[in-house]
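Listed below are the residues making up each chain.
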Amino acid sequence: MIDLDLGPLWLTLQLAGATVIVLLLVGTPIAWWLAFTSSRLRTIVEAIVALPIVLPPTVLGFYLLIALGPHGLIGGIWKDFTGSALSFTFTGLVIASTFYSLPFVVQPLHGAFEAVGRKPLEAAWALGASKLDTFFTVASPMAIRGYLTAIVLGFAHTLGEFGVVLMVGGNIPGQTKVLSIAIYDHVETLEYAQAHTLSAGLLIFSFLVLLAVYTANRRLPLQVT
Amino acid sequence: MNQLAAKFDLAFPSFHLHVNMNVPAEGITAVFGPSGCGKTTFLRCLAGLERAAAGSMTMNNHIWQDDSQGIFVPLTQRSVGYVFQEPRLFPHLNVRANLQYGWKRTLESARRITLDQVIKVLDIERLLDRRPHSLSGGEQQRVAIGRALLTSPQLLLMDEPLSSLDLQRKQEILPFIHKLDSEFHIPIVYVSHDLHEIVELAKTVVLLKEGKVAASGPIEEVFSQLNLRHLIPENHLGALVETTIVEHDQEFGLTTLKFPGGHLQVPHQNRHIGERLRVQILAKDVSIISSPPSFQTSVLNLLEASVLEIGEVKPEHPFVDIKLDIGCPLLATITRKSLTTLKLHSGQRVHAQIKAVALSPETHQ
């Protein structure tokens, strides 16, 4: 029996789960605004949201490390309120992952809301539904496929991050030592068996999640055209 | 009497809507005009979907918009039903849930119209458990009308609800729209570019041109005005006559219609004696003779008339419109040459020869 620490796996799932939840809360309003605004700022915001796709994770990680540090823009405020810094903590990792995975949640939602369009919303308003009511009872159910895609991509992308985590989180067991870093560690110390087990586990898990979601997506009765 | 009054001023880069309308808030008010004249924008202003910078709108003493007082009631809080050009049903809900969407969001005390009533009037019982995408266009539009009705609106706005349907489906839905007026007594503003629909449905008509109201009033009055040529296509120009079916002639296959000035004979109509029927007599189908012909004519409808008014004579235009009185107003289009030959002047006694009576397709049975 291989001596395997499952801590990193558990931590990774927690990180990905927390990140997806934060991303849905942050990404939904951004995607909604992008889909329905006529503001000139739209293209600028679109470009900023897409940045993490093209930037090397180390660049993003570097700036986040500064921003999350005790004297940084985010970290400083956090420290004023909580008394502790953000860098090299789990919360810091969630914030970093949120930036890192933002486009993978915002873009599918943006596309889905655009596909819904204004027309059904106007119909709902005319039937007496408030804007928030319309969002929950018309726009969201119609954009359900966009949500599924966003959740899967956001989750999977966070599972797979390495560079940003290494820069921002360091390698603290139980705090910031996630799966991808644990695998890297095992390889560095030539523990190939452990690296194999974790890698294969992550591979199979990711595949099963994607398979389940694509199956569900296909079976959804909703046809939005 | 209850009034619907609206005044909107709304500028777009390529177009300016400048409307001032005051119509009775009852029956069907048709808003007609060519594409791009601002009909839909006007309707969206009435709903509060577009906000005119300077505007006011009152419906039965409820102020829905008055920018001089800073009042603007958002659509969600207006008691308005809106039927769009496309049905816009919610694809994730079945027909029943679509119908109930607005009903659930209407105060219990404000609910006057019930699901059962709507299902019966619109004949959608067998569709209730189906999804919108499995319905035909006509069925979807009926559900959309029902969904709007179930909010028990004080005003129903319909934006060319039949334009996406083929002729047969149109004929299927028109009688339902007729019934809305008689069954539920909801004033309707009905936007259309199809004069057949308007002639059949409307009580009041508003003619829009380039974003402005060019004519408005009771439809019989508006359609018997001279000088509408710039507003209405020539093949639709003609007075409306309210008639009652009085007799069927089986031998010759004719039906006799009674109107204030006499009788009209038309091809057989599959309707009951006593039923009311609005017909349009196109100006181009009416000719004028100064004295009754001494020879026989194949035209059945020959009526005594007097000349009321002679329309504008334009040197570049070979035709001129004449307004006659046959007990009710009648328009006739004749050539300028005939006007000179007949020496027509107002008050002159003549005969009007009606070559055809435009009848709407029979949809009521």
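Residues numbered from 1 in each chain as written. Chains lettered and ligands numbered in written order. Predicted model: local features only at pLDDT ≥ 70, side-chain atom pairs only at ≥ 80, totals over all residues. Heavy atoms only, no water.

Draft legend 1. Representation of the overall build of chain A in the model. Helix and strand counts for chain A stand at 11 helices and zero strands. Mapped in sequence order, the helices and strands of chain A form the string α-α-α-α-α-α-α-α-α-α-α. For chain A, buried positions account for 42% of its 225 residues. For chain A, the share of sequence-separated contacts (at least 6 apart) that also reach a separation of at least 24 residues comes to 70%. (Helix = DSSP H or I, 4+ residues; strand = E, 2+ residues; numbered from the N terminus. Buried < 20%, exposed > 50% of the residue type's maximum accessible area, 1.4 Å probe, protein only. Contact = heavy atoms within 4.5 Å.)

Draft legend 2. Looking closely at the interface of chain B and chain A. With 18 residues of chain B at the interface, the matching set in chain A holds 19 residues. Regarding the contact of chain B and chain A, the summed buried area is about 1,700 Å², with carbon and sulfur atoms giving 64% of it. On the chain B side of the interface with chain A, the three residues burying the most area are B:Thr76, B:His92 and B:Arg105, jointly 31% of the side's total. Run the count over chain B and chain A and you get four salt bridges. Inspection of the chain B/chain A interface yields seven residue pairs in polar contact (both at pLDDT 80 or more). Elements represented by at least two residues in the side of chain B that touches chain A include exactly strand S7 (80-83), helix H2 (95-104) and helix H4 (137-149) of chain B. A per-class count over the side of chain B that touches chain A returns nine nonpolar, four polar and five charged. (Buried area = accessible area lost by both parts, 1.4 Å probe. Salt bridge = Lys/Arg side-chain N within 4 Å of Asp/Glu carboxyl O. Polar contact = N/O pair within 3.5 Å; in protein donor to acceptor, adjacent residues only side chain to side chain. Nonpolar A, V, L, I, M, F, W, Y, C, P; charged D, E, K, R; others polar.)

Draft legend 3. Inspection of the domain arrangement of chain B at higher detail. All names here are of chain B. Domains assigned within chain B are domain 1 (3-223) and domain 2 (238-354). Placing the centre of domain 1 and that of domain 2 at their C-alpha centroids yields a distance of 35 Å. Contacts between the two partners involve nine residues from domain 1, matched on the other side by seven residues from domain 2. Taken over both partners, the interface formed by domain 1 and domain 2 buries close to 570 Å², and the fraction arising from carbon and sulfur atoms is 51%. (Domains from an automatic or database assignment.)

Draft legend 4. Just the pairing of strand S10 (residues 204-209) of chain B, in detail. All names here are of chain B. Extensive coverage of S10 is indicated by the burial of five of its six residues. With four bridges joining them, strand S3 (residues 28-32) and S10 adopt parallel strand pairing. Of the residues in S10, the one forming a bridge with threonine 29 is threonine 204. Examined bridge by bridge, S10 and strand S11 (residues 212-218) share six bridges and lie antiparallel to one another. Across the sheet, the residue bridging to leucine 208 is valine 213, located in S11. What sits between S10 and S11 in their antiparallel hairpin is a turn of two residues, with glutamate 210 showing a positive phi close to 45 degrees. (Pairing = 2+ DSSP bridges.)

Draft legend 5. Spotlight on the packing of helix H1 (residues 7-36) of chain A against helix H8 (residues 144-159) of chain A. Residues and elements named next belong to chain A. Look at H1 against H8: their axes get within 9 Å of each other, and the N-to-C directions meet at 135 degrees. In terms of orientation, H1 and H8 fall into the oblique class. The crossing of H1 and H8 is right-handed. From H1, Thr12, Leu13, Leu15, Ala16, Gly17, Thr19, Val20, Leu24 and Thr28 reach across to H8, where they touch Tyr147, Ile151, Gly154, Phe155, Thr158 and Leu159. Each residue belonging to the contact of H1 with H8 can be placed in one class, and the counts come to nine nonpolar, six polar and no charged. (Axes fitted to C-alpha atoms, helices over the stretch in contact; angles between N-to-C directions. Parallel < 35°, antiparallel > 145°, perpendicular 65-115°, else oblique. Left-handed = near helix turned anticlockwise from the far one by under 90°.)

Draft legend 6. Summary view of the pairing of strand S2 (residues 15-24) of chain B. Residue and element names in this part refer to chain B. Here S2 shows one buried face, formed by Phe15, Leu17, Val19, Met21 and Val23, and one open face, formed by His16, His18, Asn20, Asn22 and Pro24. Relative to S2, strand S1 (residues 3-12) is paired through 10 bridges, and the arrangement is antiparallel. What sits directly across from alanine 6, in S2, is methionine 21. Two successive antiparallel strands, S1 and S2, enclose a turn made up of two residues.

Draft legend 7. Structural detail: the packing of aromatic side chains. Residues and elements named next belong to chain A. This structure, assessed with the given rule, holds 13 aromatic pairs over all chains. Centre to centre, the rings of tryptophan 32 and phenylalanine 113 are 5.0 Å apart; their planes meet at 70 degrees, and the pair counts as edge-to-face. Here phenylalanine 113 lies in helix H5 (residues 90-116) and tryptophan 32 lies in helix H1, a separation of 81 residues in the sequence. Taking the relative accessible area as the measure of exposure, tryptophan 32 reaches 26% and is therefore partly exposed. (Phe/Tyr/Trp six-rings, centres within 6.5 Å; stacked < 30°, edge-to-face > 60°.)

Draft legend 8. Main features of the sheet that holds strand S18 (residues 319-325) of chain B. Residues and elements named next belong to chain B. Taken in spatial order, the five strands of this open sheet run S16-S20-S17-S18-S19, and their pairing is antiparallel. One side of each edge strand has no neighbouring strand; the edge strands of this open sheet are strand S16 (286-289) and strand S19 (329-335). Strand after strand, the sheet turns through a mean of 45 degrees between neighbouring axes, direction not considered. The pairing of strand S17 (residues 301-310) with S18 spans four bridges and is antiparallel. Looking at S18, one finds that isoleucine 310 is bridged to isoleucine 322.

Draft legend 9. Looking closely at the sheet that holds strand S12 (residues 238-249) of chain B. All names here are of chain B. Taking strand neighbours across the sheet as the criterion, the four strands line up as S14-S13-S12-S15 in an open arrangement whose pairing is antiparallel. Each having just a single partner strand, strand S14 (262-267) and strand S15 (276-282) make up the two edges of the open sheet. Across the sheet, the mean angle from the axis of one strand to that of its neighbour is 45 degrees, orientation sign disregarded. Bridge count for S12 against strand S13 (residues 254-259) is five bridges, and the pairing is antiparallel. Its bridge partner being in S13, histidine 248 is matched across the sheet by threonine 255.

Draft legend 10. Up close: the environment of A:Leu159. All names here are of chain A. Relative to the helices and strands, leucine 159 resides in helix H8. Under the relative-accessibility criterion, leucine 159 is labelled buried at 5%. Distance in space between the C-alpha atoms of leucine 159 and glutamate 122 is 39 Å, their sequence separation being 37 residues. Apart from residues no more than four positions distant in its own chain, leucine 159 is found in contact with Thr12, Leu13, Ala16, Leu202, Phe205 and Ser206.

Draft legend 11. A nonpolar patch on the surface, seen in detail. Residue and element names in this part refer to chain A. Together, Trp33, Leu41, Ile44, Ile48, Leu51, Ile53 and Val54 make up a nonpolar patch on the protein surface, roughly 660 Å² of accessible area in all. Tallying contributions element by element places helix H2 (residues 41-54) first for the nonpolar patch, with six residues. Topologically, isoleucine 48 is positioned in helix H2. Judged by its relative accessible area of 52%, isoleucine 48 is exposed. (Patch = residues over 30% accessible without salt bridge, like charges linked within 9 Å, V, L, I, M, F, W, Y side chains within 5 Å. Areas by Shrake-Rupley, 256 points an atom, 1.4 Å probe, with all protein chains shown as cover.)

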